[in-house]
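Observations on chain architecture
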Amino acid sequence: MNTLHNFAFNVYPYICLSVFLMGSLARFDRDQYTWKSDSSQLLRRGQLRLGSNLFHAGILFLFFGHLFGQLTPHWVYEHLVTASQKQMVAVAAGGVAGLICFIGLSLLLHRRIFDDRIRLTSHRTDIAILVILWVQLVIGLSTLPSSLHHVSEPTTMLRLADYLQGIVLMQPNAALVSGIEWHFQAHMLLGMTIFLLFPFSRLVHVWSGFGTLAYLVRPYQMVRARRLNVPGRQSSTRRAG
């Protein structure tokens, strides 16, 4: 295992996570008016609704699928399903969600690049982050045949899960990733890079999405209308003469 491999899988993840957390906090503190998704709906609605819905539905499923699928220790579910069954579910569900997300993102990327008005009003980081996400999806989908081939012997998936759980527990072990197919390694490294770029792109609006969950537990807000120059009710009762 060479020095570059050790840096990429033992040190680089913590650089990305540090920039992700501290950078997001700094941007929220200093540049709150840039904390938005910069919607281009007013310029052109075509492809936006379909592409956005497909992309967000797919990416949310993939995010939580990776989060719980990879970070859940094997002993938690081994009495319910085998590792092979879990991987088969991950391949099937992840493949469908990945394809949905890919179609949606392709529509959004095509719209942003080939519509002159949207392209001219877009930041370079907007297009760059869409391209990076698109490449990440392509690499992720390219891992499906290998994952399906490993279903009967899911050693690779267990090694990747152990590696990622070690990152969370501050016990990184790059040796677990050594010798694994290149697209799995590229998928992880590009995923780390997305976390690195997160605070400097429009992706920060994801935090606001999670922040809306606070509306479920906050107290009701009472609003009282203040009307000025509104005449009071006058009695329509006539005096008896």
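My aim in this report is to walk through the structure given alongside it, one point at a time. Being a predicted model, the structure only gives us computed values, none of them experimental.

Regarding the overall build of the protein
Of the regular secondary structure elements, the protein holds ten helices and zero strands. Mapped from its N terminus to its C terminus, the protein presents α and β elements in the order α-α-α-α-α-α-α-α-α-α. Within the protein, buried positions represent 33% of all 241 residues. Across the protein, the fraction of contacts at a sequence separation of at least 24, relative to all contacts at a separation of at least 6, is 82%. A total of about 16,500 Å² of accessible surface is found on the protein, and carbon and sulfur atoms cover 65% of it.

A word on the environment of I139
Within the element layout of this structure, I139 appears in helix α6 (residues 124-142). Separated by 44 residues in sequence, I139 and H183 have C-alpha atoms that sit 6.3 Å apart. With residues near it in sequence (within four places) discarded, I139 still touches H183, A186, H187 and L190.

Observations regarding the packing of aromatic side chains
Evaluation of the coordinates by the stated rule reveals nine aromatic pairs. Judged by centre distance (5.0 Å) and plane angle (85°), the rings of F20 and F195 are edge-to-face. Of this pair, F20 sits in helix α1 (residues 3-30) while F195 sits in helix α9 (residues 182-197); the two residues are 175 residues apart in sequence, bridging distant segments of the chain. Residue F20 is classed as buried on the basis of its relative accessible area, which comes to 11%. Ring centres 5.1 Å apart and planes at 80° place the aromatic pair F63 and F64 in the edge-to-face group. The class of F63 is partly exposed, set by a relative accessible area of 38%. The exposure class of F64 is partly exposed, given its relative accessible area of 33%.

Quick look at the pattern of salt bridges
All told, the structure shown has one salt bridge when counted by the stated rule. One salt bridge connects D126 with R202, and the closest N-O pair in it is separated by 3.9 Å. Of this pair, D126 sits in helix α6 while R202 sits in the loop between α9 and α10 (205-211), and the two are 76 residues apart along the sequence. R202 matches D126 in its accessibility class, with the two residues each being buried.

Some words on the nonpolar core
Nonpolar side chains tend toward joint burial in soluble globular proteins. Of all hydrophobic cores here, the largest spans 18 residues; its most connected members are F55, L105, L133 and L203. At the level of secondary structure, the elements contributing two or more residues to this core comprise α2 (48-71), α4 (83-114) and α6. Not counting the four nearest positions on each side in its chain, F55 is found in contact with C101, G104, L105, L108 and L133.

Quick notes on the packing of helix α8 (residues 155-168) against α9
Look at α8 against α9: their axes get within 12 Å of each other, and the N-to-C directions meet at 25°. Of the possible angle classes, the one that applies to α8 and α9 is roughly parallel. For α8 against α9, the interelement crossing comes out right-handed. Between α8 and α9, the residues in contact are T156, M157, L160, Y163 and L164 and F184, M188 and M192, respectively. Here the contact of α8 with α9 is built from residues that sort into seven nonpolar, one polar and no charged.

Thoughts on the side chain of Q165
Structurally, the position occupied by Q165 is in helix α8. Judged by its relative accessible area of 15%, Q165 falls in the buried class. Only 3.3 Å separates the side chain of Q165 from the backbone oxygen of T72, close enough to count as a polar contact. Not counting residues up to four positions away in its chain, the partners in contact with Q165 are Q70, L71, T72 and P73.

So, α6
Its 19 residues give α6 an end-to-end C-alpha distance of 27 Å, which sits within 8% of 27 Å, the value for a rise of 1.5 Å per residue. Within α6, burial applies to D126, I129, L130, L133, Q136, L137, I139 and G140. Contacts from the buried residues of α6 go to α2, α4, α7 (144-149) and α9.

A few points about the environment of L164
Note that L164 resides in helix α8. Through-space distance from the C-alpha of L164 to that of F9 is 9.8 Å; in sequence the pair is 155 residues apart. For L164, the residues in contact, after removing those within four places along its chain, are Q70, L71 and M188.

About the criteria used
- Each chain has its residues counted from 1, running along the sequence as written.
- Local features in this predicted model are restricted to residues of pLDDT 70 or higher, and side-chain atom pairs are both shown and tallied only at a pLDDT of 80 or more, whereas totals for entire chains, interfaces and linings draw on every residue.
- Calculated side-chain values reflect all of the structure's heavy atoms, with hydrogen atoms and water omitted.
- The secondary structure listing takes helices from DSSP runs of H or I that are at least 4 residues long and strands from runs of E that are at least 2 residues long, numbered from the N terminus.
- The rule is simple: take the accessible area with a 1.4 Å probe, protein chains only, and divide by the maximum for that residue type; under 20% is buried, over 50% is exposed, in between is partly exposed.
- Throughout, a residue-residue contact means that at least one pair of heavy atoms, one from each residue, lies within 4.5 Å.
- Exposure was quantified through the Shrake-Rupley algorithm and a 1.4 Å probe, taking into account, for residues, occlusion by the shown protein chains and nothing else.
- Here a Phe, Tyr or Trp ring, Trp counted by its six-membered ring, pairs with any other such ring whose centre lies within 6.5 Å, and the pair is stacked when the planes are under 30 degrees apart, edge-to-face when over 60, and tilted otherwise.
- Any Lys or Arg side-chain nitrogen found within 4 Å of a carboxyl oxygen on Asp or Glu counts as a salt bridge.
- Throughout, nonpolar core names a set of buried Ala, Val, Leu, Ile, Met, Phe, Trp, Tyr and Cys residues whose side chains join them through atoms within 4.5 Å.
- Lines are fitted to the C-alpha atoms to define the axes, a helix being fitted only along its stretch in contact, and any angle between axes, read from their N-to-C directions, falls within 0 to 180 degrees.
- Roughly parallel means an angle under 35 degrees; roughly antiparallel, over 145; roughly perpendicular, 65 to 115; everything else is oblique.
- The hand of a helix crossing depends on one turn: near helix anticlockwise from the far one by less than a right angle means left-handed, and clockwise means right-handed.
- Residues are grouped as follows: Ala, Val, Leu, Ile, Met, Phe, Trp, Tyr, Cys and Pro are nonpolar; Asp, Glu, Lys and Arg are charged; all remaining types, including Gly, are polar.
- Within 3.5 Å is the distance limit for a polar contact, defined as a pair of N or O atoms, with the added protein rule that one can donate a hydrogen and the other accept it, and that residues adjacent in sequence qualify only through two side-chain atoms.
- For a helix, the expected span equals 1.5 Å multiplied by the residue count minus one.

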